[in-house]
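Structural description and commentary
Listed below, chain by chain, are the residues.
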Amino acid sequence: INSKKECQVDLEFTTEHYNPEEGEERLGKCSAQVFFKNEKPRPTINVTCMRFMEKSKRQQEDYLLYKHMKQLKDPLDVISIPDSHGHIDPSLRPIWDLAFLGSSYVMWEKTTQFLHYYMAQLSSVKQWKTDEDAIDFDYTVLLHEFSTQEIIPCRIHLVWHPSKPLKVKYHCQGPQAPEEASGIEGSAAAPTMGLTNY
Amino acid sequence: MKPLLGTLYLLGMLVPGGLGYDRSQAQHRQEVVDKTATPWSSLETYPYNRYHPMGEIYQWMSLIREKYPEVVTQHFLGMTYETRPMYYLKISQPSNNPKKIIWMDCGIHAREWIAPAFCQWFVREILQNYQDNSRIRRLLKNLDFYVLPVLNIDGYIYTWTTDRLWRKSRSSHNNGTCFGTDLNRNFNVSWCSIGASKNCSDSTFCGTEPVSEPETKAVSSFIESKKEDILCFLTIHSYGQLILMPYGYTRNKPSNYKELIQVGQKAANALKAKHGTNYRVGSSIDILYATSGSSRDWARDIGIPFSYTFELRDNGTHGFVLPEAQIQATCEETMAAVLSILDDVYEKYGYSNSAGKVTSTTMVLSLLMSFRSLF
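These numbers come from a predicted model, not from an experiment.

**What about the overall build of chain B?**
- A tally of regular secondary structure across chain B gives twelve helices and ten strands.
- Counting across all 375 residues of chain B, residues that qualify as buried make up 57%.

Encoded structure:
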């Protein structure tokens, strides 16, 4: 591999339940190959995992999350999750989880071998209802890029229904040219995974 | 001297807010006024497992020096851009022998709140335990600790009043259109050569020239004046869970690199033993990214042998906005790491010899005594 133009990273990792309970053992053992080419974003990812949660259990958990979200006060208008002191109200935690998932798609779209992102904070959240009864979220996430130390605000519009893949539309600001794109989580090389297995 | 400092402090707090342009300035003033009514009654009830605004940290410093006057003194280092006083605490056991210095600063980057929290924790731990903990007592026999709890005071306050994720100082550039210098790119070591920006809107803006910022000047001049006696320079940041050694500006290694790695690795092991947290150890350019003008590199290059940057919890899940619930564990494990480094520094400078000297003197005295008794 030409190290200037291409870069492959091999990973081994285990996954766990996103909100693990006491003593719960780690779930799947995974290995992945992440392939960066020509310093371009959207690396190709090949992931294989063993010993995941049963599909029916995954679906059950997804549906529970969906129900919880549906029950939240409508319209939802929240500022800053977590707050400045790092607190997330337990009732708002699923919002952060869902936002994290949507942001991970955006981050993947922007990540190169030199640019790494983390979700620093959710800075505003609005929830809307759609006709098909999906969870519809409009939020601003502040992404932290490590090598430049910049904070990049991205507006993300996320639509989710447990039986369908996540739909993500976004628009990021910043010193670089603002980018706008949309996509469907799970349609890339990574296999579709249940929310709780993220 | 004291009343003057007090006036300066008040001016420093009120003047920037007193110009009162917009909502955030007014909010700032209100914040300052609110916070000066202490929510806690004394040092005994000061919550080390919570984040504190700058007003409370200033008060905490006063309370500390009032409670431990035999070992603690508070010293003025310089003024920030927005004319606030920078103070460090000197912890020193009075004695006849000359001491070497350990320097620790926290909060050079405004949003890294866990760092000032650790500096306060460190001071508390030393002071609460120096009398009955033999390890700490031993260190204080020959070492003085100089702790700067918040280096970038203006920036820190800004993260409380306006923008939680602000990093730089609050100096004004380009006719007030652009704010802040990355203080950790402003030191005079390979200044702005790599990993820093000449654009004042960027987060890694290196300043208008080396040591252009008053905060950098204050720290540099002081360290420079004491450099012969400083054994160890520690600068505390977040996040990333790393113990970094020089350099960031070059792949060349400092002359004592092997030793730095050894000491660093031992510290990371001590840290992990506390709560299982994994830290990586290495030179900044190898395991993080290239940077120039950092305080750690500058300290090493003026001759301070042990110079480390700590990047505390976490690994990106919460990043800068680390939950208060994690302050205690983070501080406990970091304390273990820092004490490990201090033990190694102490050993290296041959302080165990003083025990030998005492034994031989005693022997001679007892011999003399026994001779006397013969006559």
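**Some words on the domain arrangement of chain A**
Residue and element names in this part refer to chain A.
- Segmentation of chain A into domains returns domain 1 (1-52) and domain 2 (72-172).
- In this assembly, 13 residues from domain 1 lie in contact with eleven residues from domain 2.
- Carbon and sulfur atoms supply 55% of the area that domain 1 and domain 2 bury against each other, a total of about 990 Å² over both sides.
- Between the two partners, domain 1 and domain 2, sit one salt bridge.
- For arginine 42, the salt bridge is made with glutamate 109, and the minimal N-O distance between the two is 2.9 Å.
- Taken together, the links from domain 1 to domain 2 amount to four residue pairs in polar contact (both at pLDDT 80 or more).

**Considering the UniProt feature "active site" (unreviewed entry) in chain B**
All names here are of chain B.
- Mapped onto the present numbering, the UniProt feature "active site" (unreviewed entry) falls at Glu311.
- Along the chain, the position of glutamate 311 falls in strand β10 (residues 306-312).
- Excluding residues that lie within four positions of it along the chain, glutamate 311 makes contacts with His237, Ser238, Tyr239, Gly240, Gln241, Leu242, Leu244, Tyr279 and Leu288.
- Polar contacts involving the side chain of glutamate 311 include one to the main-chain amide nitrogen of serine 238, which spans 3.4 Å.

**Quick word on helix α8 (residues 257-275) of chain B**
Residue and element names in this part refer to chain B.
- Taking 1.5 Å per residue as the helical rise, α8 with its 19 residues ought to reach 27 Å, and the 28 Å between its terminal C-alpha atoms agrees with that figure.
- When we look at burial in α8, the residues that qualify are Tyr257, Leu260, Val263, Gly264, Ala267, Ala268 and Leu271. All buried residues of α8 fall inside an arc of 140° around its axis, so they share one side. Projecting away from the buried face of α8 at angles above 90 degrees are the exposed residues Lys258, Gln262 and Ala273.
- Contact partners of the buried residues in α8: β8 (242-245), β9 (280-283), α9 (284-287), β10 and α11 (327-348).
- Directly beyond the C-terminal end of α8, a positive phi value near 80° is found at glycine 276.

**Description of the state of the cysteines**
Residues and elements named next belong to chain B.
- Using the criterion set out here, one finds four disulfides over all chains in the structure.
- One disulfide bridge connects cysteine 192 with cysteine 206, the sulfur atoms lying 2.0 Å from each other. Around the S-S axis, the bridge from cysteine 192 to cysteine 206 shows a dihedral of about -80° and counts as left-handed. Here cysteine 192 is found in the loop between β6 (178-179) and α7 (214-226), whereas its partner cysteine 206 is found in the loop between β6 and α7, with 14 residues between them in sequence. Per residue, the accessibility class of cysteine 192 equals that of cysteine 206, and both read buried.
- Looking at the unpaired cysteine 232, the closest cysteine sulfur is the one in cysteine 119, lying at 13 Å.
- The structure places no disulfide on cysteine 331, whose sulfur is separated from the nearest cysteine sulfur, that of cysteine 106, by 9.1 Å.
- For cysteine 331, a relative accessible area of 1% gives the class buried.

**A word on the pattern of salt bridges**
Residues and elements named next belong to chain B.
- Per the stated rule, a full pass over the model turns up 21 salt bridges over all chains.
- Residue lysine 99 pairs with aspartate 144 through a salt bridge whose shortest N-O separation is 2.9 Å. Taken together, the residues span a long stretch of sequence, with lysine 99 in the loop between β2 (85-91) and β3 (100-106) and aspartate 144 in strand β4 (residues 143-148) at a distance of 45 residues. Comparing lysine 99 with aspartate 144 shows no difference in burial state: the two are buried.
- In this structure, a network of salt bridges that share partners links the residues Arg135, Arg138, Asp343 and Glu347.

**Some thoughts on the interface of chain B and chain A**
- Each partner contributes to the interface: chain B provides 22 residues, whereas chain A provides 19 residues.
- Together chain B and chain A conceal approximately 1,800 Å² of surface at their shared face, both sides included; 56% is due to carbon and sulfur atoms.
- Taken together, the connections running from chain B to chain A amount to zero salt bridges.
- Linking chain B to chain A there are nine residue pairs in polar contact (both at pLDDT 80 or more).
- Here the side of chain B that touches chain A is built from residues that sort into eleven nonpolar, six polar and five charged.

**A word on α11 of chain B**
- The end-to-end C-alpha distance of α11 of chain B, which contains 22 residues, comes to 31 Å, matching closely the 32 Å that a straight helix rising 1.5 Å per residue would cover.
- Among the 22 residues that make up α11 of chain B, 18 are buried, leaving the element largely enclosed by the rest of the structure.

**Looking at the pairing of strand β2 (residues 29-37) of chain A**
Residue and element names in this part refer to chain A.
- The side-chain alternation of β2 yields one buried face, formed by Cys30, Ala32, Val34 and Phe36, and one unburied face, formed by Lys29, Ser31, Gln33, Phe35 and Lys37.
- For β2 and strand β3 (residues 44-50), the ladder comprises seven bridges, and the chain directions are antiparallel. Within β3, the position partnered with alanine 32 by the bridge is valine 47.
- A loop of six residues connects β2 with β3, the two strands running antiparallel in sequence, and asparagine 38 in this loop sits at a positive phi of about 55°.

**Focus on the sheet that holds strand β1 (residues 72-79) of chain B**
Residues and elements named next belong to chain B.
- An order of β1-β2-β4-β3-β7-β10-β8-β9 is seen for the eight strands of this open sheet, with the pairing classed as mixed. Whereas interior strands pair on both sides, the edge strands pair on one side only; in this sheet they are β1 and β9. Each neighbouring strand pair of the sheet contributes to a mean axis angle of 20°, computed without reference to strand direction.
- As defined by bridge partners, β3 adjoins β4 across six bridges and the pair is classed as parallel. Within β4, the residue paired with aspartate 105 across the bridge is leucine 148.

**A word on the side chain of serine 171 of chain B**
Residue and element names in this part refer to chain B.
- Structurally, the position occupied by serine 171 is in the loop between α6 (153-161) and β5 (172-173).
- One polar contact links serine 171 to serine 169, side chain to side chain, over a distance of 3.5 Å.
- Once residues within four sequence positions are removed from consideration, serine 171 is found in contact with Tyr81, Cys178, Phe179, Gly180, Thr181 and Glu213.

**Remarks on the nonpolar core**
- Counting 94 residues, the largest nonpolar core has Trp60, Ile64, Trp103, Phe122, Ile223, Tyr308 and Phe310 of chain B as its most contacted members.
- Once you skip the residues sitting within four places of it in the chain, tyrosine 308 of chain B turns out to touch Phe233, Leu234, Thr235, Ile243, Leu244, Met245, Glu259, Leu260, Val263, Gly264, Arg296 and Ile341 of chain B.
- Counting 34 residues, the second largest nonpolar core, distinct from the first, contains Leu65, Leu98, Tyr105 and Ile135 of chain A.

**Here we look at the packing of helix α5 (residues 134-142) of chain B against α11 of chain B**
All names here are of chain B.
- Packing of α5 against α11 brings their axes to within 11 Å, and their N-to-C directions diverge by 50°. By the angle between their directions, the pair α5 and α11 is classed as oblique. Seen from above, α5 lies across α11 with left-handed handedness. Counting all contacts with α5, which are made through Arg135, Arg138, Leu139 and Asn142, the residues of α11 involved are Leu339, Ser340, Leu342, Asp343, Tyr346 and Glu347.

About the thresholds
- Residues numbered from 1 in each chain as written.
- Chains lettered and ligands numbered in written order.
- Predicted model: local features only at pLDDT ≥ 70, side-chain atom pairs only at ≥ 80, totals over all residues.
- Heavy atoms only, no water.
- Helix = DSSP H or I, 4+ residues; strand = E, 2+ residues; numbered from the N terminus.
- Buried < 20%, exposed > 50% of the residue type's maximum accessible area, 1.4 Å probe, protein only.
- Domains from an automatic or database assignment.
- Contact = heavy atoms within 4.5 Å.
- Buried area = accessible area lost by both parts, 1.4 Å probe.
- Salt bridge = Lys/Arg side-chain N within 4 Å of Asp/Glu carboxyl O.
- Polar contact = N/O pair within 3.5 Å; in protein donor to acceptor, adjacent residues only side chain to side chain.
- UniProt positions renumbered as here; feature names shortened; annotations may be inferred.
- Expected span 1.5 Å × (residues − 1).
- Arc of directions from axis to C-beta.
- Disulfide = S-S within 2.5 Å.
- Nonpolar A, V, L, I, M, F, W, Y, C, P; charged D, E, K, R; others polar.
- Pairing = 2+ DSSP bridges.
- Axes fitted to C-alpha atoms, helices over the stretch in contact; angles between N-to-C directions.
- Core = buried A, V, L, I, M, F, W, Y, C linked by side-chain atoms within 4.5 Å.
- Parallel < 35°, antiparallel > 145°, perpendicular 65-115°, else oblique.
- Left-handed = near helix turned anticlockwise from the far one by under 90°.

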